[in-house]
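Residues per chain, in single letters:
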Amino acid sequence: MDIEHKRRVRYKGTHPRHFHEKYKEQNPEKYADTIEKVISKGSTPAGMHISIMVQEILDVLNIKPGETGLDATLGYGGHTKAMLEKLEGKGHMWALDVDPIEIVKTKERLKNLGFDEDILSIRRINFANIDEIVNESGKFDFILADLGVSSMQIDTPERGFSYKVDAPLDLRLDPEHGMSAADRLNELSEDDFIGLMIENSDEPYAEQIAAVVTLKKKMGMPVRTTVDLKNAIEEALYRVKSLSDKERKDALKKSCARVFQALRIDVNSEFEVLYDFLEKLPGVLNEGGRVAILTFHSGEDRLVKKAFKSMYREGIYSDISNDVTRPSEDECRRNPRAKSTKLRWAIKS
């Protein structure tokens, strides 16, 4: 039977602009030179995620061959790969993720690098449920939780994580479960939406943005797409008379990022999930077990800091980080998405 040949997506001009046109970036094994050029310019290749603070994490976890470890947030698998290499073929790694799309790709990618079921077990489980996986895995010597959203999710238009491309406003890490951000937004009252933006992202123009979104809903034009929300935020900022045109342009980018973050945190119950994870964490660590957590905004960091300090005072942890570790200037230059990252660690008594 003849198989129809599919031509790759063509693009205008000399450089691809849209996600689906960037076929070289989405094939890093074949086009390594293209990947390096994109990264060297401070960008993330399409369909790829650049792991943050890898060496700092390895220094904290101090992995030894023969140990059992957990990557609680698998994502693209870069951190998992680095930890597996430290095991030198001895011991075992476990990895969790809720994203049904990326978990399949990452499992195949790591298998092709030689990390199969003999040394790596991947499960589609929310990391809030680490007490369930420990029944199968036993307790861990080291654990990593990277709380950031993967670049693959942000950059894939149909996932609805970015205000830069028009797509359904979804924002779910697991698109097969729960309520989309559009549905959630349109069930919220104006006051609840204000509270959500302030609580989850410290949005300074929360009242103006909520007023515009609520008005659109009353007029029968509810926010359904990423661009709908961006336009509503832009309209709200035009109501702030104290902003100059230049200030308004800058404020639009920052407010869009904060509002999208606030909704993403809400639809994925990220604070509740993190709270459950932190509560259960000591129970799945061996004596002397190490944990490293990467956070990306102040709300997450406050929860981690508070939990570590409280459990240190109770004697549950024998040592914790006194302050956060941040990525180097060189890493932030090569990967601007690393700029807001904070690393904290703890050691089980």
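Predicted model only: the values in this text are computed from it and were never measured.

Regarding a negative patch on the surface
Moving on, step 1. A surface patch of like charges, here negative, comprises E190, D191, D192 and E207.
Moving on, step 2. Take the negative patch: its biggest share by element is 3 residues, from helix α8 (residues 190–201).
Moving on, step 3. Here D191 is to be found in helix α8.
Moving on, step 4. According to the relative accessible area criterion, D191 is exposed, its value standing at 60%.

A short note on the sheet that holds strand β5 (residues 285–295)
Moving on, step 1. The mixed open sheet is built from 7 strands, whose spatial order is β3-β2-β1-β4-β5-β7-β6. This sheet does not close on itself; its edge strands, each paired only once, are β3 (120–123) and β6 (317–320). Between one strand axis and the next, the sheet turns by 15 degrees as a mean value, whatever way the strands run.
Moving on, step 2. In this sheet, β3 lies alongside strand β2 (residues 92–96) in parallel orientation, the contact comprising 4 bridges. Residue pairing across strands places L96 opposite R123, the latter belonging to β3.

What about the confidence of the model for the protein chain?
Do not read the predicted coordinates in detail wherever pLDDT is low.
Moving on, step 1. Looking at the protein chain, the pLDDT average stands at 86 and 83% of residues meet or exceed 70.
Moving on, step 2. Within the model, pLDDT remains below 50 along residues 18–25, and this stretch shows 29 contacts once partners closer than five positions in the same chain are excluded.
Moving on, step 3. Considering only residues more than four positions removed or in separate chains, one finds that residues 38–47, a stretch of pLDDT under 50, has 31 contacts.

Notes on the packing of aromatic side chains
Moving on, step 1. Tallied over the full model, the rule gives 3 aromatic pairs.
Moving on, step 2. The positively charged end of R109 is found above the aromatic ring belonging to Y76, 3.7 Å away from the centroid.

Quick look at the nonpolar core
Moving on, step 1. Core analysis: the biggest nonpolar cluster contains 33 residues, and L169, F193, I209, L229 and L263 have the highest contact counts within it.
Moving on, step 2. Elements supplying a minimum of two residues to this core: α7 (181–187), α8, α9 (206–218), α10 (226–237) and α11 (245–267).
Moving on, step 3. Among the elements that take part in this core, α11 stands out by supplying 8 residues, more than any other.
Moving on, step 4. Ranked by size, the runner-up nonpolar core spans 30 residues in total, among them A72, I130, V134 and L274.

Some words on helix α2 (residues 54–61)
Moving on, step 1. All of the buried residues along α2 are I57, L58 and L61. Along the long axis of α2, the arc covered by the buried residues comes to 100 degrees, so they all point the same way.
Moving on, step 2. Check the buried side of α2 and you find it contacts α3 (78–87), β4 (140–146), β5 and β7 (342–348).
Moving on, step 3. The positive-phi residue at the C-terminal boundary of α2 is N62, with phi of around 50 degrees.

What to know about the environment of V60
Moving on, step 1. Mapped onto the fold, V60 is located in helix α2.
Moving on, step 2. Remark: the alpha-carbon pair of V60 and A346, spanning 286 residues in sequence, is separated by 8.9 Å.
Moving on, step 3. Beyond its immediate sequence surroundings of up to four residues, V60 is in contact with R290, V291, A292, L343 and W345.

Structural notes on the pairing of β7
Moving on, step 1. By the criterion of burial, β7 is predominantly enclosed, with 5 of the 7 residues buried.
Moving on, step 2. As paired elements, β5 and β7 share 6 bridges and run antiparallel to each other. By the bridge assignment for β7, V291 is matched with A346.
Moving on, step 3. Looking at chain direction, β6 and β7 are connected through 3 bridges and run antiparallel. When the bridges of β7 are listed, D319 appears paired with I347.

Definitions and limits used
- What you see as residue numbers is a count from 1 along each chain, following the sequence as written.
- Predicted model: local features are reported for residues with pLDDT of at least 70 only, side-chain atom pairs are reported and counted for 80 or more only, and whole-chain, interface and lining totals are derived from all residues.
- Computation of side-chain values: all heavy atoms of the structure, hydrogens and water removed.
- Nonpolar side chains (Val, Leu, Ile, Met, Phe, Trp, Tyr) are joined into patches within 5 Å and like charges within 9 Å, using only residues with over 30% relative accessible area and no salt bridge.
- The Shrake-Rupley method, run with a 1.4 Å probe, gives the accessible areas here. Residue values count only the displayed protein chains as cover.
- Salt bridges, as used here, are contacts in which a Lys or Arg side-chain nitrogen is within 4 Å of a carboxyl oxygen on Asp or Glu.
- Neither His nor the chain ends is counted toward charge; the positive residues are Lys and Arg and the negative residues Asp and Glu.
- Positions of charges follow a simple convention, taking NZ of Lys, CZ of Arg, CG of Asp or CD of Glu.
- Starting at the N terminus, helices and strands are each numbered in turn, a helix being any DSSP run of H or I of at least four residues and a strand any DSSP run of E of at least two.
- Exposure categories follow from relative accessible area, calculated using a 1.4 Å probe and restricted to protein chains: below 20% of the type maximum is buried, above 50% is exposed, and the middle band is partly exposed.
- Note on pairing: two strands pair once DSSP finds at least 2 bridges between them.
- An axis is simply a line fitted to the C-alpha atoms; with a helix, the fit covers only the stretch in contact. Between two such axes, the angle follows the N-to-C directions and lies from 0 to 180 degrees.
- Confidence scores per residue from the predictor, reported as pLDDT, run from 0 to 100.
- Contacts between residues were defined by any pair of non-hydrogen atoms, one from each residue, lying within 4.5 Å.
- Put simply, two rings from Phe, Tyr or Trp (the six-membered ring, in Trp's case) pair if the centres are within 6.5 Å, and we call them stacked under 30 degrees between planes, edge-to-face over 60, tilted for the rest.
- Placement of a positive charge over a ring is assigned whenever Lys NZ or Arg CZ falls within 6 Å of the ring centre and within 35 degrees of the normal to the ring plane.
- Residues grouped as a nonpolar core are buried Ala, Val, Leu, Ile, Met, Phe, Trp, Tyr and Cys residues, joined through side-chain atoms within 4.5 Å.
- The arc in question is the one traced by the directions running from the helix axis out to the C-beta atoms.

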